[in-house]
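# An overview of the molecular structure
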Amino acid sequence: MSSFASSPVAAVLGPTNTGKTHLAVERMCAHSSGMIGFPLRLLAREVYDRVVAIKGEAQVGLITGEEKIMPPHARWLLCTAESMPVDRDVAFVALDEAQLGADPERGHVFTDRLLRARGREETLILGSEAMRPMIRTLLPKTEIVTRPRFSTLSFAGAKKLSRLPKRSAIVAFSAEEVYAVAETLRRLRGGAAVVMGALSPRTRNAQVAMFQAGEVDYLVATDAIGMGLNMDVAHVAFASLQKFDGRRTRRLTVAEMAQIAGRAGRHQRDGTFGSLGGEDGPGAFTPEEIEAIENHDFPRLEHLYWRNGEPGMSSLDDLIASLEEKPDQPVLRAAPQAIDLAVLKKLAGEDWVRARTRSPQAVKRLWVACGLPDFRKTGADHHARFVGRLYQHLSEGHVPHSWFAEEIARLDRMGGDVDTIADRIASIRSWSYIAHRPDWLENPAHWAERTRAIEERLSDALHAALTQRFVDRRTSVLLREIGAGLSELPVVIGEDGAVTVDEEPIGRLDGFAFTPDASARHGDTRRLIAAADRLLATERVKRSRALAASGDEAFALSTEAGQPPTILWQGRPIASFEPTRELLRPRLKLERAAAALEPANRDLIFARLHKWLEERTEKLLDPLEKMTAAAADPATPSALRALLAPLVEAGGIADRRSVEPGLAALTREDRAAARKLGITIGAMDVFAPALLKPEPLRWRTALLAVRRGAPMAELPPAGAVILPSGNVPGFRSIGRQQVRIDMVERIARAAHEAREGKRAFVPDASLATSVGLEPATLNRLMLSLGFRALPVEAGAAPSWRWQGRRRREEEVQVNPNSPFAKLAELGR
């Protein structure tokens, strides 16, 4: 035991490669029970495997957001900081990388664990030396032990990728750059292992094992390796010194640089660090940064972020007020609003949520649901809708198996491009998180296993897809950025979108999407593409501003049959749609090149497209807008709302049979209100005639295709009333023809006006004949309307009698002796 064995709370501070994590594991295993909180899921999994080897599977548990292994008698737990059960009684508790309390996004979690997570016999805080003043102020009785680095870490300068020594780790800050570097190393040096936070633990372990066994000499990783993942690395090379932190692209702090560089060296073997490319520029270390990293001399932390870790649960307002409390310590700052609190506030504004959270238990259940991480990074608005649907189920008991199964089945597909697979991985992590909550599903263990298997398969598919996709384009960009010696070459973008470098054609820029010329994918021409990429980025920014200033005439809705609807800008696809709960409010998804722009430029595009979309739907689908508003208005009579809800879901046009129960309950006043909304209650269909006009029908059909995840249906020709048999929107199939539903209603009205009670009559066929309705079609229509054909002499016009209710043609199939059999035969 070390010198602080008798101290109830101790801190071990120092740079990386000091064995702090190893010490924590050693001390935990010396106690009868224990728990360690880590900053990364991958690190928790790595240490879990190590402790299992010591204590056995039955004694060790793993708790992360998306993974939970909890034997009934587990005594030692390895967790992510967010998942630590702080109320669990254990002899030993440790918190790793405590300096993350200064992180704006997650800092309040680490600060809360620093202040509240305690072991019955011993508590150990691990972190950098920068934490010393915070420990002294917040935990003045804590014994602080400094652990020096076992080996030296020195700067080795800037090197090209082809000159890196063996046993090097190259650190990049985007998935695309990671795989581009790995592909380049495959061609230059035989291959590389890959480590990313998006990989499943199984995939990551296999990659690390390849590197550790010497099968490959290089490792390409994100900054995830800076948080304690232990590998035999001799040199760390930075592909960049900038990263996007969720809010902006910024330069790494010196502490972050040191955290990553410190992975170089093993125990007492020295390590080196450096950069890729030249000695100058934004990708190079400054002399001050080098000196600080080599001497482990970093600015001390002056504050940590804090949020109430035990908020009040008596009501929603009490919970929100508790979470927005100000800290009472000068060194603590109120944490910026995290996504869970943003979602809580949005849901608290919903009347139905407040109606379901009238007890402390319900408030707590809502707050736990708000803790579902936004793995897809969709933002508070979109994430709140997902959490809201989740809580709606939880407030009624459990998440329905049918919904859960359908959603994960939709994700269990390995095909698609890189963006599609990466999006599925983010989505399955949400469902995995749900499956690992003990009381959210009736059979959580089964679904946890299902989601784990899907995530692993998707991670493997992502690896393969990224490698294939970036073999040329990303490699060329990388070679430019790491100092391949490209000179400033003249790049020209022609009026027709043709891109040339030094008069050499390399591809086309259509809208925001660049398509390389086939000949530009080989040999030295790839360097010309890299030289052009700088100008393409500037040109895309200019085009985003031009789009934001465009008039309505520059945009169009593409509704090609068999294809998904898309929005065009100047004739080029700019965005597609994703379904939401509201038919008239689909989510926009920018095409890949536009989506890769900086957030400010993306926001310009989104704002303009949303404005255009809102104006078009309000103008063309006004009846549907009014129906939607009335269906949601509590002042609308309940019987009318019961009709409007399915009618809105069907896009304002529904077969009467599907809404018959709602029609039967309508009063005379309700029917008058429906007419004011532009609704016609017809003999066979309930619809808004305005939606049958060509342009409203096209938009309605497009939105329904988005809602159903189906391609665009074939639209009728403008002005068409009769069509050959098929399934065209706004038309009813009758025999060998399709009849527009408003024409069906006109014919039905004319027939009813011509009859006198239940006496036999001969309808005026002039209306049907004028629009091209065949006699057999008219006969089938009359039958469907509830009329009965009477026997007639040869050559005479058929006469009909009203039956008082509809007789469907399907009766002929059930009863061959039906009096309508002869008529059905005539129709055929």
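Only a predicted model underlies this, so the values are computations on that prediction, with no experimental measurement involved.

Taken as a whole, the second largest pocket holds about 1100 Å³ of empty space. Those elements that provide at least two residues to the lining of the second largest pocket are helix H10 (339–348), helix H11 (351–356), helix H13 (380–394), helix H21 (622–632) and helix H22 (638–649). Among the elements that line the lining of the second largest pocket, the one with the most residues is H13, at six residues.

Counting residues in hydrophobic clusters, the biggest one holds 49 residues, and the most contacted among them are Phe512, Ile574, Ile605, Leu609, Leu621, Met627 and Ile679. Looking at this core, the element that brings in the most residues is H22, giving six residues. In contact with Ile605, other than residues within four places in its own chain, are Phe512, Ser544, Leu547, Ile574, Leu590, Ala594 and Leu597. Ranked by size, the runner-up nonpolar core spans 44 residues in total, among them Leu319, Leu323, Leu341 and Ala362.

Our next topic: the packing of aromatic side chains. For the structure shown, the criterion picks out 14 aromatic pairs. Between Phe155 and Phe273, the ring centres sit 5.3 Å apart and the planes meet at 55°, which makes this aromatic pair tilted. Linking Phe155 in strand S9 (residues 153–159) with Phe273 in strand S16 (residues 271–276), this pair joins segments that are 118 residues apart in sequence. Through pairs of rings, three or more aromatic residues link up here, namely Phe386, Trp403, Phe404, Trp431 and Trp447. It is Arg167 that lies over the ring of Phe211; its NZ or CZ is 3.9 Å from the centre. The aromatic ring of Tyr433 is capped on one face by Arg437, whose charged end is 4.1 Å from the ring centroid.

A few words now on the pattern of salt bridges. Evaluated as defined, the whole model comprises 47 salt bridges. A salt bridge links Arg116 to Glu310; its shortest N-O distance comes to 3.5 Å. In this pair, Arg116 is assigned in helix H3 (residues 107–116) and Glu310 in the loop between strand S17 (304–306) and helix H9 (316–323), connecting sequence segments 194 residues apart. Take Glu310: its relative accessible area is 59%, and that puts it in the exposed class. The partner of Asp412 in a salt bridge is Arg457, and the shortest N-O contact between them spans 2.9 Å. Separated by 45 residues along the polypeptide, Asp412 in the loop between helix H14 (401–411) and helix H15 (418–435) and Arg457 in helix H16 (residues 444–469) bring together distant segments of the chain.

On to the sheet that holds strand S8 (residues 143–146). Across the sheet, which stays open at both edges, the eight strands sit in the order S4-S3-S5-S2-S6-S7-S1-S8 with mixed pairing between neighbours. Edge positions in the sheet fall to strand S4 (68–69) and S8, since each of these pairs with one other strand and no more. Where strand S2 (residues 34–38) lies against strand S6 (residues 92–95), four bridges are found, and the strand directions are parallel. Note on S6: the bridge partner recorded for Met35 is Val93. Against the sheet, helix H2 (residues 41–55) makes contact with S2, strand S3 (60–63), S4 and strand S5 (76–80), and its axis sits at roughly 170° relative to S5, the strand it touches most.

With respect to the helices, strands and loops of the structure, Trp367 is situated in helix H12 (residues 360–370). Classification of Trp367 by relative accessible area gives buried; the value is 14%. Taking the C-alpha atoms as reference points, Trp367 and Leu344, separated by 23 residues in sequence, lie 7.0 Å from one another. For Trp367, the contacting residues outside a window of four places in its chain are Arg307, Pro311, Met313, Leu319, Leu323, Asp340, Leu341 and Leu344.

One open sheet holds the four strands; their spatial order is S23-S24-S25-S26, and the pairing between them is antiparallel. If you trace the sheet from one side to the other, it starts and ends with strand S23 (555–558) and strand S26 (587–590), each paired once. Along the sheet, successive strands turn relative to each other by an average axial angle of 35°, direction set aside. Sheet topology note: the strand S24 (residues 566–569)/strand S25 (residues 572–578) ladder contains four bridges and is antiparallel. Directly across from Leu568, in S25, lies its bridge partner Pro573.

Moving on, we come to H12. Note on helix geometry: an α-helix contains 3.6 residues per turn, so any two residues three or four positions apart are oriented the same way. The complete set of buried residues in H12 reads Ala362, Val363, Arg365, Leu366, Trp367, Ala369 and Cys370. In this structure, the buried residues of H12 make contact with H9, H10, H11 and H13.

On to a negative patch on the surface, then. There is a patch of like negative charges on the surface, built from Glu288, Glu291, Glu294 and Asp297. Position of Glu294 relative to the elements: it lies in helix H8 (residues 287–295).

In this model, the protein carries a mean pLDDT of 84, and residues with pLDDT of at least 70 account for 86%. pLDDT under 50 marks residues 469–488. Its contacts with residues more than four places away, or in other chains, come to 43 contacts.

Time to look at the pairing of S26. Going residue by residue along S26, you find Leu588 and Leu590 tucked away on one face and Arg587 and Lys589 left uncovered on the opposite face. Across four bridges, the pairing between S25 and S26 is antiparallel. Looking at the pairing, Ser576 lines up with Lys589 of S26.

What follows is about the pairing of strand S1 (residues 9–13). For S1, a buried count of five out of five residues is recorded, marking the element as mostly surrounded by other parts of the structure. The alternating pattern of S1 places Val9, Ala11 and Leu13 on one face and Ala10 and Val12 on the opposite face, and all of these are buried. In this sheet, strand S7 (residues 122–127) lies alongside S1 in parallel orientation, the contact comprising five bridges. Paired with Val9 across the strands is Thr123, a residue of S7. Across four bridges, S1 lies against S8 in parallel orientation. Of the residues in S8, the one forming a bridge with Ala11 is Ile144.

Parameters and conventions
- Residue numbers here run from 1 along each chain, matching the order of that chain's written sequence.
- In view of the model being predicted, local features appear only for residues whose pLDDT reaches at least 70, and side-chain atom pairs are presented and counted only at 80 or more, with totals across whole chains, interfaces and linings using the full set of residues.
- As a rule here, side-chain values cover all heavy atoms of the structure and leave hydrogens and water aside.
- A cavity here means a set of 1 Å grid points, computed over protein atoms only, where a 1.4 Å probe fits but cannot escape. A pocket is an open set with protein on both sides within 12 Å along at least 5 of 7 lines, and lining residues have an atom within 4 Å of a point.
- Grid points are joined across faces, edges and corners, and a volume is the space filled by probe spheres set on the points.
- In this description a helix means any DSSP run of H or I spanning at least four residues, a strand means any run of E spanning at least two, and both kinds are numbered starting from the N terminus.
- Residues belong to a common nonpolar core when they are buried Ala, Val, Leu, Ile, Met, Phe, Trp, Tyr or Cys residues joined through side-chain atoms within 4.5 Å.
- The cut-offs for exposure are 20% and 50% of the maximum accessible area for each residue type, with area from a 1.4 Å probe on protein chains only; residues under the lower value are buried, those over the upper are exposed, and the others partly exposed.
- We call two residues contacting when some pair of their heavy atoms lies within 4.5 Å.
- Ring geometry is summarised as follows: Phe, Tyr and Trp rings, the Trp one being its six-membered ring, pair when their centres sit within 6.5 Å, and such pairs are stacked at plane angles under 30 degrees, edge-to-face over 60 and tilted between the two.
- Here, a charge over a ring means that NZ of Lys or CZ of Arg falls within 6 Å of the ring centre while also lying within 35 degrees of the ring normal.
- When a carboxyl oxygen of Asp or Glu lies within 4 Å of a side-chain nitrogen of Lys or Arg, that pair is called a salt bridge.
- In this analysis, strands are considered paired if DSSP registers two or more bridges between them.
- As a rule, the C-alpha atoms of each element are fitted with a line to give its axis, helices using only the stretch in contact, and angles between N-to-C directions run from 0 to 180 degrees.
- Patch building starts from residues that exceed 30% relative accessible area and form no salt bridge, then joins like charges within 9 Å and nonpolar side chains (Val, Leu, Ile, Met, Phe, Trp, Tyr) within 5 Å.
- Working definition of accessibility: Shrake-Rupley area with a 1.4 Å probe, residue cover restricted to the visible protein chains.
- Only four residue types enter the tally: Lys and Arg on the positive side, Asp and Glu on the negative side; His and the chain ends are excluded.
- The atoms used to mark charge sites are NZ of Lys, CZ of Arg, CG of Asp and CD of Glu.
- A score between 0 and 100, pLDDT records how confident the predictor is in each residue.

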